[in-house]
Amino acid sequence: MATPVYGVRMSANTKDRILDAARDLFVESGEAAVTMRAVATAAGVSTMAAYRHFPNKEALLVAVMEHGHDKFLACMSRALSAPSPLERLIASGQAFLDFALANPRDYDLMFLRTAQVDLTCAPLAWRDAATFRFLVDRVSECMSAGYLQGEDPEMLAFSIWSLVHGMVALYLTAKLATDEATFRGLYVRALTAALARS
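What you are looking at is a predicted structure, and each value in this text was computed from that prediction instead of being measured. (Residues numbered from 1 in each chain as written. Predicted model: local features only at pLDDT ≥ 70, side-chain atom pairs only at ≥ 80, totals over all residues. Heavy atoms only, no water.)

K.L.:
Which parts of the structure should I look at to understand the environment of Thr 47?
P.N.:
Turning to its location among the elements, Thr 47 is positioned in helix 3 (residues 47-53). Residues Thr 47 and Met 36, spaced 11 residues apart in sequence, show a C-alpha to C-alpha distance of 6.4 Å. In contact with Thr 47, not counting residues within four places along its chain, are Met 36, Arg 37 and Ala 40. (Helix = DSSP H or I, 4+ residues; strand = E, 2+ residues; numbered from the N terminus. Contact = heavy atoms within 4.5 Å.)

Printed below as a string of structure tokens:
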């Protein structure tokens with residue numbers, strides 16, 4: 001559906017194409033390659049069209065990060081359909097993996113690389129917290145139901161996040177010489193073992 005932007009009607013997916021192009025340029029060639037002109041060319045739009053959506057490169061990179069975190073939280077939220085607290089926690093771990101493998105470039109930019117532009121004005125802290133709070137909530141309900149031991153759900157959630165992120169990072173950066181199916185099995189076993197010790 002077309003939407004008016006500064007008096008111009010543009011395709012509803014133009015903004016997503018610009019975001020994806022910026023993400024890909026960053027991952028493939030580094031931050032220096034991300035210019036408004038280069039992003040517009042990669043997205044198949046005019047430079048003016050890119051500026052209609054984003055006033056500058058900094059705003060564009062902030063939006064790329066936000067877009068990735070929005071998709072990540074939406075993926076994690078699907079775990080809420082599982083019937084029990086423990087199943088929801090395990091499903092959250094599976095959703096983490098599914099997102100990373102289905103969106104490796106988003107994951108790379110969100111968690112494996114650092115942008116040098118000033119992002120201090122961006123609402124990234126609470127967006128990051130939203131996904132972490134989701135995990136803390138899953139751990140808390142497991143503790144309340146007696147599935148997990150301990151008194152600090154945030155620390156346990158941090159430990160779980162560190163484990164799954166570490167495994168995913170090793171796989172996505174080709175530090176593990178294994179195929180996806182084997183890695184998925186290793187991931188599930190490691191996560192299950194970690195929860196069993198908690």
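K.L.:
Help me understand the pattern of salt bridges in this model?
P.N.:
If the charged atoms of two oppositely charged side chains come close together, the side chains can form a pair. Evaluation of the coordinates by the stated rule reveals 11 salt bridges. Linking Arg 88 and Glu 141 is a salt bridge whose minimum nitrogen-to-oxygen distance equals 2.8 Å. Of this pair, Arg 88 sits in helix 5 (residues 85-102) while Glu 141 is found in helix 7 (residues 124-144), placing the two residues 53 residues apart along the sequence. (Salt bridge = Lys/Arg side-chain N within 4 Å of Asp/Glu carboxyl O.)

K.L.:
Quick question: what am I supposed to make of the nonpolar core here?
P.N.:
Generally speaking, nonpolar side chains in soluble globular proteins are found buried as a group. One finds Leu 89, Phe 96, Val 139, Leu 148, Ile 160, Val 168 and Tyr 187 to be the most contacted residues of the largest nonpolar core, which totals 31 residues. When contributions to this core are tallied by element, the ones reaching two or more residues are helix 4 (57-77), helix 5, helix 6 (104-112), helix 7, helix 8 (153-172) and helix 9 (180-197). Not counting residues within four places of it along the chain, the set of residues in contact with Leu 148 comprises Leu 89, Val 139, Cys 142, Met 143, Leu 156, Leu 195 and Ser 198. In this structure, Leu 25, Val 27, Ala 43 and Val 64 belong to the second largest nonpolar core, which totals 22 residues. (Core = buried A, V, L, I, M, F, W, Y, C linked by side-chain atoms within 4.5 Å. Buried < 20%, exposed > 50% of the residue type's maximum accessible area, 1.4 Å probe, protein only.)

K.L.:
Explain the packing of helix 1 (residues 14-29) against helix 4 to me, please; I cannot follow it from the model alone.
P.N.:
Packed helices, taken two at a time, are described by the angle between their axes plus the distance between the axes. At a minimum axis separation of 9 Å, helix 1 and helix 4 run at an interaxial angle of 100 degrees. Between helix 1 and helix 4, the interaxial angle falls into the category roughly perpendicular. Two secondary-structure elements touch here, helix 1 through Asp 16, Ile 18, Leu 19, Ala 22, Arg 23 and Phe 26 and helix 4 through Leu 60, Leu 61, Ala 63, Val 64, His 67 and Lys 71. Across the contact of helix 1 with helix 4, the residue classes break down as 8 nonpolar, 1 polar and 3 charged. (Axes fitted to C-alpha atoms, helices over the stretch in contact; angles between N-to-C directions. Parallel < 35°, antiparallel > 145°, perpendicular 65-115°, else oblique. Nonpolar A, V, L, I, M, F, W, Y, C, P; charged D, E, K, R; others polar.)

Geometric descriptors of this kind do not, in isolation, establish any biological role.
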